[in-house]
Amino acid sequence: MTQLDVMYRYDAAPAEATMMAMGRVREVYGVRRVTCDETAKTVRVEYDATRLTEAIVHQLLRRTGLDVVERVSLLPPQPEPEVAAPAAS
């Protein structure tokens, strides 16, 4: 099993029917966890990559009626590499 996480930002607050449909996404074979953060307007899905792809997870969320706007990177911003100044002769 290869466990992956993907996070999406959504625009409009989900309706009750959408939240119920998102609860049923957890029943899909390969989806391990679905977590919503209403203050950040994000949804995070933990899934088995041997069973599902990121595109399928995205489609599952869209089918619930969730207004998915963009995928959010789970990696923190990386610092820019320092450029060494040329040595003075």
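Residues numbered from 1 in each chain as written. Predicted model: local features only at pLDDT ≥ 70, side-chain atom pairs only at ≥ 80, totals over all residues. Heavy atoms only, no water.

## Quick word on the pairing of strand β2 (residues 31–37)
Inspection of the sheet shows β2 paired to strand β3 (residues 42–48) by six bridges, in the antiparallel sense. In the strand pairing of β3, Val34 is matched with Val45. Here β2 folds back onto β3, and the loop between the two strands holds four residues, one of which, Lys41, carries a positive phi near 55°. (Pairing = 2+ DSSP bridges. Helix = DSSP H or I, 4+ residues; strand = E, 2+ residues; numbered from the N terminus.)

## Concerning the nonpolar core
If you look at the biggest cluster of nonpolar residues, it comprises 16 residues, and the most contacted ones within it are Tyr8, Val31, Val34, Val43, Val45 and Val57. Elements represented by at least two residues in this core include exactly β1 (3–10), α1 (16–25), β2, β3 and α2 (54–63). Not counting the four nearest positions on each side in its chain, Tyr8 is found in contact with Lys41, Thr42, Val43, Glu54, Val57, His58, Leu61, Val68, Glu70, Arg71 and Val72. (Core = buried A, V, L, I, M, F, W, Y, C linked by side-chain atoms within 4.5 Å. Buried < 20%, exposed > 50% of the residue type's maximum accessible area, 1.4 Å probe, protein only. Contact = heavy atoms within 4.5 Å.)

## Focus: the sheet that holds β2
Ordered in space as β2-β3-β1-β4, the four strands form an open sheet in which the pairing is antiparallel. The two strands at the open ends of the sheet, each matched to only one other strand, are β2 and β4 (68–72). If you compare each strand with its neighbour and ignore which way they point, the axes differ by 25° on average. Two elements, β1 and β4, share four bridges in a ladder whose sense is antiparallel. Along β4, the bridge assignment pairs Arg9 with Glu70. (Axes fitted to C-alpha atoms, helices over the stretch in contact; angles between N-to-C directions.)

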